[in-house]
Amino acid sequence: MMKSKTLRPLALMSSIAFLAFSLVACDKQENAAIPNNVQMVVDTGPGGGSDLFAREIVKIAQQAHVLDQNWPVLSKPQGGGLAAMNFLNEHANDPNYISAFTSKWVSTGFTAGNKAATTVDKLTVIAMLADEQQLVAVPAKSPYNTFADFIADAKKHPGQLVQVGGAYQSVDNLAALQIQKNTGTSWKYLSFADGGPRITALLRGDAQMMIGAQNDFSEQVAAGQLKIIGVLSSDRNKKFPNVSTLIEQGVPMNGVPDELQFRGIAAPPGVKPETIAWYQNIFSKLVKSPEWEKYMAEEGDRTQYVTGDALKQKMSSYTTDIKQLVTLLKEKN
């Protein structure tokens, strides 16, 4: 009897200890899914498009009081997105890394020579945030006042005109290849990693035309050095409302996605649903803030907050379009 009375309290204590351990373990598991030391990975160096975009996200989120932490920006500029995607893949399941990615990552995956390279579909795409409208710019003294003028000259001088831009797999080059196919024209592509040398090449006369975002050209247009001669999307640009779209100019745009360049947030593969929900809670509040609306207007971008199944469908459709464009790039090379 004495032995039984002694064992019962011990068994009860053991059960309580086991329950407490289980609760702590569950709590730790849930907490492990919640980011506590976030770093934003970008595919450009300091001052590049994705670097600036990531820093603006953090600044605006803090100003709008939806974020009380500082998220350092980690640069992985090699390979036009490949290094950044590989870095995320190497940190699978880690909730503390996210990346401000662009649609360029989709085409980069198709053009990577290394078959083991990470592609966007292997990552966890959390949200699409913005559509970055693409414009066509030429030197202010250029004889071209519309993109249709440029096409007409390209027909007269096949293979002689030059477009300046980013990496060969960038969307500006892919869109141009499709337009060349649609119009029976051809021109050269001059590639620079950073925006500064592209503008310099355009102003110096090394190239006749460049496709880019509004903020790539705003300062030079205001200074009277460049002019905008076309808009690639179906809507006109709000900052340059008198510039017609390429469709309005009669340039056939079949095969070119209307949302050619977009920006979003991706995480490593395998992150938990709690992690995704934690980030989406922040970004859904961010894009509704007046500070974000002001930033979008300044950049000439349009808020496109898409998540869940709608995002999967949009990524799938975009991937199909880009895959077709990449075949043009491979044919040319």
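Our structure is the block above this text.
Keep in mind the model is a prediction, meaning the values are calculated, not measured.

(A) Local environment of the nonpolar core. In terms of nonpolar packing, the biggest core is built from 49 residues, with Phe147, Ile179 and Trp187 touching the most fellow members. At eight residues, the largest contribution of residues to this core is made by helix H11 (residues 308-332). With residues near it in sequence (within four places) discarded, Ile179 still touches Phe147, Ile151, Thr185, Trp187, Leu246, Val251, Met253 and Val256. Core analysis: the next-biggest nonpolar cluster, separate from the first, contains 29 residues, Val38, Trp71, Ile265 and Leu286 among them.

(B) Region of interest: the sheet that holds strand S5 (residues 134-139). Judged by pairing direction, the sheet is mixed, and its five strands sit side by side in the order S7-S6-S8-S5-S9 without closing on themselves. The sheet is open, and its two borders are formed by strand S7 (188-191) and strand S9 (226-231), each paired with just one other strand. Sheet twist, expressed as the mean angle between neighbouring strand axes with direction ignored, is 35°. Two strands pair when backbone bridges link them, and S5 and strand S8 (residues 209-213) are joined in this way by four bridges, in the antiparallel orientation. Residue Val136 lies in a different strand from S8, and its bridge partner there is Ile211.

(C) The packing of aromatic side chains, seen in detail. For the coordinates displayed, the defined rule picks out 17 aromatic pairs. Between the NZ or CZ atom of Arg263 and the centre of the ring of Phe53, over which it lies, the distance is 5.3 Å.

(D) Focus on the pairing of strand S1 (residues 39-42). Bridge analysis of S1 against strand S3 (residues 97-102) gives three bridges, and the strand direction is parallel. Bridged to Gln39 within S3 is Tyr97. Inspection of the sheet shows S1 paired to strand S2 (residues 73-75) by three bridges, in the parallel sense. The partner of Val41 across the bridge, within S2, is Leu74. Between S1 and its parallel partner S2, the chain crosses via helix H2 (residues 49-63), and the hand of that crossover is right-handed.

(E) Expanded view of the pattern of salt bridges. The tally for this structure, following the rule as stated, stands at ten salt bridges. Measuring nitrogen to oxygen at the nearest pair gives 3.0 Å for the salt bridge that ties Arg55 to Asp51. Here the residue Arg55 and the residue Asp51 both occupy positions in helix H2, the gap between them amounting to four residues, near one helical turn. Looking at Asp51, the relative accessible area reads 3%, which means it is buried. Across the pair Arg236 and Glu248 runs a salt bridge whose closest N-O atoms are separated by 3.0 Å. Taken as a pair, Arg236 in the loop between S9 and strand S10 (262-267) and Glu248 in the loop between S9 and S10 lie far apart in primary sequence, twelve residues in all. Among the residues examined, Arg236 registers a relative accessible area of 39% and is labelled partly exposed. For Glu248, a relative accessible area of 47% corresponds to the partly exposed category. Within the structure, one salt-bridge network assembled from shared partners comprises Asp131, Glu259, Arg302 and Lys314.

Rules and cut-offs
Residues numbered from 1 in each chain as written. Predicted model: local features only at pLDDT ≥ 70, side-chain atom pairs only at ≥ 80, totals over all residues. Heavy atoms only, no water. Core = buried A, V, L, I, M, F, W, Y, C linked by side-chain atoms within 4.5 Å. Buried < 20%, exposed > 50% of the residue type's maximum accessible area, 1.4 Å probe, protein only. Helix = DSSP H or I, 4+ residues; strand = E, 2+ residues; numbered from the N terminus. Contact = heavy atoms within 4.5 Å. Pairing = 2+ DSSP bridges. Axes fitted to C-alpha atoms, helices over the stretch in contact; angles between N-to-C directions. Phe/Tyr/Trp six-rings, centres within 6.5 Å; stacked < 30°, edge-to-face > 60°. Lys NZ or Arg CZ within 6 Å of the ring centre and 35° of its normal. Right-handed = clockwise from strand over helix to strand, strands pointing away. Salt bridge = Lys/Arg side-chain N within 4 Å of Asp/Glu carboxyl O.

Any functional reading would require information beyond the geometric quantities listed.
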